[in-house]
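In case you want the letters, here they are:
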Amino acid sequence: MMNDVVLSVRNLETEFLTDNGPVKVLHGVSFDVKKGKTLGLVGESGCGKSVTSMSIMGLLPKPYGNVVSGEIIYRNKDLVTLPASEMYEMRGNNIAIIFQDPMTALNPVHTIGKQLMEVLELHRPELAKKERRQYALEMLDKVKIPMPEKRLDEYPHNLSGGMRQRVMIAMALACKPDILICDEPTTALDVTVQASILELMNDLQEETGMSMIFITHDLGVVAEVCDDVAVMYAGKIVEKADVFDIFDNPQHPYTKRLLGFMPDLDSEPKQLIDIKPVDVTEFPEFRG
Ligand SMILES: Nc1ncnc2c1ncn2[C@@H]1O[C@H](COP(=O)(O)OP(=O)(O)O)[C@@H](O)[C@H]1O
Ligand SMILES: [Mg+2]
């Protein structure tokens, strides 16, 4: 592995056992994540982005979801074959994830402070109780939540969607992961809130030197945060390039089509007739 690569996904195949038998969802997915850089994993809804992130995190629903072949190499270990106990250690400590909807990840009946301190108790056992509260405050401050002292005693529903996502980012970063997987973290947020979260993520990455996998279907977001891009279509990576080449010199027809979806502010609005939905019927794994 080249030494600037922190995570290497190679020929990953993941399938689900369904009532109609096994259905393969990932068909040999390969990409590298570089140290301190952000890889964008981009593609339409249903193409397999979240299944890829769940495969990396070892969070596929068991016993139905399984990686059936391929490797996920991190620090010379293959996460696919890592014992569950080591995978448990890895999650949060080395590789963390944030999701689209923080409300499902936060527990509605506990205060923000309690939940943050629980994470710290689990992953930073060296901190004493008093230090944990102090550290939780620092984390909220780091993700630019105003009046962090007050927020610690509030419940998730007291916070706006953007503030909740900042709390999730604080929790993910509390353990100083090497790699942060962001699965459509700003999709549910309105555009201005999204922009401020993306700016925060860029700043935090610069400060911590962590790597990110940024999952999105939004090419505008890709342009904001990614260094490298892997374009995914129907469970396959169809194109990989640095972010400039993806926009300036896309190779694969699907990438070109994705770019056609982008509003171009300099020219006339694109005619609707240009936008052809992808024909998913040719891929039996697309259901519903
Ligand atoms: N638990 C599951 N059981 C069966 N199929 C699933 C399951 N989770 C996801 N899939 C299928 O895997 C494919 C990719 O889904 P997903 O990775 O969630 O797409 P996205 O790119 O939108 O994140 C979809 O066809 C979806 O139906
Ligand atoms: Mg998804």
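Reference entry: report on the structure contained in this document. None of these values were measured; they are calculated from a predicted model.

1. Focus on unusual backbone geometry
With an omega of 5 degrees, the peptide bond running from Lys-62 to Pro-63 counts as cis. Within the secondary structure, Pro-63 sits in the loop between helix H1 (49-57) and strand E4 (65-74). Here the phi dihedral of Lys-176 falls at roughly 50 degrees; this positive angle occurs in a residue that is not glycine. The topology assignment puts Lys-176 in the loop between helix H7 (161-173) and strand E7 (179-183). Of note in this structure, Ala-234 is not a glycine but carries a positive phi near 50 degrees.

2. Considering the sheet that holds strand E8 (residues 211-216)
Taken in spatial order, the 6 strands make up an open sheet running E6-E7-E8-E3-E9-E10, and their pairing is mixed. Each edge of the open sheet carries a strand with a single partner, namely strand E6 (95-98) and strand E10 (236-242). Averaged over all pairs of adjacent strands, the angle between their axes in this sheet comes to 15 degrees, without regard to strand direction. Across 4 bridges, the pairing between E6 and E7 is parallel. Residue Ala-96 lies in a different strand from E7, and its bridge partner there is Leu-180. Helix-sheet contacts for helix H8 (residues 191-208) involve strand E3 (38-42), E6, E7 and E8, and the interaxial angle to E8 is about 160 degrees.

3. Some details on the packing of aromatic side chains
One pass over the structure, following the stated rule, counts 1 aromatic pair. Relative to Tyr-254, the ring of Tyr-233 has its centre 4.4 Å away and its plane inclined at 25 degrees; by these criteria the two rings are stacked. With Tyr-233 in strand E9 (residues 228-233) and Tyr-254 in helix H11 (residues 253-260), this residue pair connects regions lying 21 residues apart in the sequence. Note on Tyr-233: relative accessible area 15%, which makes it buried. Against the face of Tyr-135 rests Arg-124, its NZ or CZ located 5.0 Å from the ring centre.

Criteria and thresholds
- Residues numbered from 1 in each chain as written.
- Chains lettered and ligands numbered in written order.
- Predicted model: local features only at pLDDT ≥ 70, side-chain atom pairs only at ≥ 80, totals over all residues.
- Heavy atoms only, no water.
- Helix = DSSP H or I, 4+ residues; strand = E, 2+ residues; numbered from the N terminus.
- Pairing = 2+ DSSP bridges.
- Axes fitted to C-alpha atoms, helices over the stretch in contact; angles between N-to-C directions.
- Contact = heavy atoms within 4.5 Å.
- Phe/Tyr/Trp six-rings, centres within 6.5 Å; stacked < 30°, edge-to-face > 60°.
- Buried < 20%, exposed > 50% of the residue type's maximum accessible area, 1.4 Å probe, protein only.
- Lys NZ or Arg CZ within 6 Å of the ring centre and 35° of its normal.

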